[in-house]
Amino acid sequence: MLGMDQGFLDLSARLLRRDLRRAAQHWRYHRFSLEGEPVFFANSFPKSGTHLLIQVLNGFAWLGPAVSSGLPAVVNYRGDSGDVRLANEILADLNRLKPGDISYGHLHALPEVVSFLCQQGSATYFILRDPRDVAISHVYYVTEMAPKHAHHTFYTQELHNFDERLRTSILGRPDWDEAFPDIGKRFQPYLGWLLRPEVCTLRFEDFVHDQEASLSRVIDFAVDRGFSLGCEKSLAVEVLARGIDPRNSPTFRSGKTGGWRERFSPEHKRLFKEVAGDTLIRLGYEQDYDW
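Residues numbered from 1 in each chain as written. Predicted model: local features only at pLDDT ≥ 70, side-chain atom pairs only at ≥ 80, totals over all residues. Heavy atoms only, no water.

Undergrad: Would you take a moment to explain a negative patch on the surface for this structure?
TA: Taken together, the side chains of Asp206, Asp210, Glu212 and Glu238 make up a negatively charged region of the molecular surface. Taking the relative accessible area as the measure of exposure, aspartate 210 reaches 42% and is therefore partly exposed. (Patch = residues over 30% accessible without salt bridge, like charges linked within 9 Å, V, L, I, M, F, W, Y side chains within 5 Å. Areas by Shrake-Rupley, 256 points an atom, 1.4 Å probe, with all protein chains shown as cover. Salt bridge = Lys/Arg side-chain N within 4 Å of Asp/Glu carboxyl O. Lys, Arg positive; Asp, Glu negative; His and termini not counted. Charge placed at Lys NZ, Arg CZ, Asp CG, Glu CD. Buried < 20%, exposed > 50% of the residue type's maximum accessible area, 1.4 Å probe, protein only.)

Structure, rendered in structure tokens:
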């Protein structure tokens, strides 16, 4: 009960701070409300560049009538237990968002969620990253950065080295946890977002290799979805670029892509091809299985 009360109080405080920020934007832009502005939502498969994308979207608060919501990520699973969250729980989180709010999460392409995030008045972005690099990042995250993660104890106490942990991040633990199958099956529920023209699909790698073009796409999409851009586009690109802080974006810190080549053994490659080789091809990261 105490935990539930604390969670309620934390959410209430976040909502209050969000409303204060909204009031400040009303005053700044001489508006009575932010009605008509889109809800910005950064969606991704976990460890695919979420921190980077939310940093970029938060920059819109400096470009026009938008507000960083400060609300928790909207997710498919409970972080401490790994239990699946029901669609109505997810929709309750999404319904807290108001016009101009900027938020993020990791959401499957469930029909109800797709309908919500693709409706008029939403600017939804979905960021992709090479699933092999995602697997590497997942190992570091669960082992070193998320002590409350549902799999942290297993990764740190039952698995004894990086190779064993990477193998598990590739193959999952289907015999123990149906919510943690192999990485190909974990990607599958997200692929529906790629079919939606109302969603702007981005690649983490493009932000590394051609940041200006990527930010330009982000801005164009926001304007197309109804955002009132308050400056020239060239200046907007500069503002969003300044908001990217690699220190707060672990996946972006190295400033390079393809790190999996340094960590995958021949066995890891074989296993990955078995469970997710087709996913790499579908996402455009490989043309065949010869890698």
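More follows now that the structure is in view.
Undergrad: What exactly am I supposed to notice about the packing of helix α5 (residues 131–145) against helix α13 (residues 266–283) here?
TA: Angle between the axes and distance between the axes are the two parameters that describe a pair of packed helices. Packing of α5 against α13 leaves a shortest axis separation of 10 Å and a crossing angle of 125°. One finds that α5 runs oblique with respect to α13. Contacts from Pro131, Arg132 and Ala135 of α5 reach α13 at Phe272, Leu280 and Leu283. Taken together, the residues of the contact of α5 with α13 sort by class into five nonpolar, no polar and one charged. (Axes fitted to C-alpha atoms, helices over the stretch in contact; angles between N-to-C directions. Helix = DSSP H or I, 4+ residues; strand = E, 2+ residues; numbered from the N terminus. Parallel < 35°, antiparallel > 145°, perpendicular 65-115°, else oblique. Contact = heavy atoms within 4.5 Å. Nonpolar A, V, L, I, M, F, W, Y, C, P; charged D, E, K, R; others polar.)

Undergrad: Explain the environment of serine 228 to me, please; I cannot follow it from the model alone.
TA: Tracing the backbone through its elements, the reader meets serine 228 in the loop between α10 (211–224) and α11 (233–242). Put simply, serine 228 and histidine 108 are 120 residues apart on the chain and 29 Å apart in space, counted from C-alpha to C-alpha. Residues within four places of serine 228 in sequence aside, it is in contact with Arg31, Glu37, Leu63, Gly64 and Pro65. Engagement of the side chain of serine 228 in a polar contact is seen with the side chain of glutamate 37, the distance being 2.7 Å. (Polar contact = N/O pair within 3.5 Å; in protein donor to acceptor, adjacent residues only side chain to side chain.)

Undergrad: What am I meant to see in the packing of aromatic side chains here?
TA: Note on aromatic pairs: each is described by the distance of the centres and the angle between the planes. A full pass over the atoms with the stated rule returns 13 aromatic pairs. Consider the rings of tyrosine 125 and phenylalanine 221, whose centres lie 5.0 Å apart with planes at 75°: the pair is edge-to-face. With tyrosine 125 in strand β5 (residues 122–128) and phenylalanine 221 in helix α10, this residue pair connects regions lying 96 residues apart in the sequence. One cation-aromatic arrangement involves arginine 203 over tyrosine 285; the distance from NZ or CZ to the ring centre is 4.7 Å. (Phe/Tyr/Trp six-rings, centres within 6.5 Å; stacked < 30°, edge-to-face > 60°. Lys NZ or Arg CZ within 6 Å of the ring centre and 35° of its normal.)

Undergrad: For this particular structure, what's the right way to read the packing of α10 against α11?
TA: For the pair α10 and α11, the least separation of the axes is 9 Å and the interaxial angle reads 110°. In terms of orientation, α10 lies roughly perpendicular with respect to α11. Between α10 and α11 lies a crossing of right-handed hand. On α11, the residues touching Gln211, Glu212, Leu215, Ser216, Val218, Ile219 and Asp220 of α10 are Lys233, Ala236, Val237, Leu240 and Ala241. (Left-handed = near helix turned anticlockwise from the far one by under 90°.)

Undergrad: Explanation requested: the pattern of salt bridges in the structure shown.
TA: A side chain with one charge may pair with a side chain of the opposite charge, provided their charged atoms come close. For the coordinates displayed, the defined rule picks out 17 salt bridges. Across the pair aspartate 182 and lysine 185 runs a salt bridge whose closest N-O atoms are separated by 3.1 Å. Linked by salt bridges that have partners in common, Arg18, Asp19, Arg22, Lys98 and Asp101 make up one network.

Undergrad: Sorry, what's going on with the state of the cysteines here?
TA: Any covalent bond linking the sulfur atoms of two cysteines counts as a disulfide. A full pass over the atoms with the stated rule returns zero disulfides. Here cysteine 118 is not disulfide-linked; the sulfur of cysteine 200 is the nearest cysteine sulfur, at 12 Å. You can call cysteine 118 buried: its relative accessible area is 9%. No disulfide involves cysteine 231; its sulfur sits 18 Å from the nearest other cysteine sulfur, which is in cysteine 200. Judged by relative accessible area, cysteine 231 falls into the partly exposed class, the value being 23%. (Disulfide = S-S within 2.5 Å.)

Undergrad: Quick question: what am I supposed to make of unusual backbone geometry here?
TA: Trans peptide bonds make up most of the peptide bonds, and negative phi angles are found at most residues other than glycine. Non-glycine residue histidine 30 carries a positive phi angle of around 55°. With respect to the helices and strands, the residue histidine 30 is situated in the loop between α1 (2–28) and β1 (39–44). With a relative accessible area of 74%, histidine 30 lands in the exposed category. Positive phi, close to 70°, is recorded for lysine 47, a residue that is not glycine. Within the element layout of this structure, lysine 47 appears in the loop between β1 and α2 (50–58).

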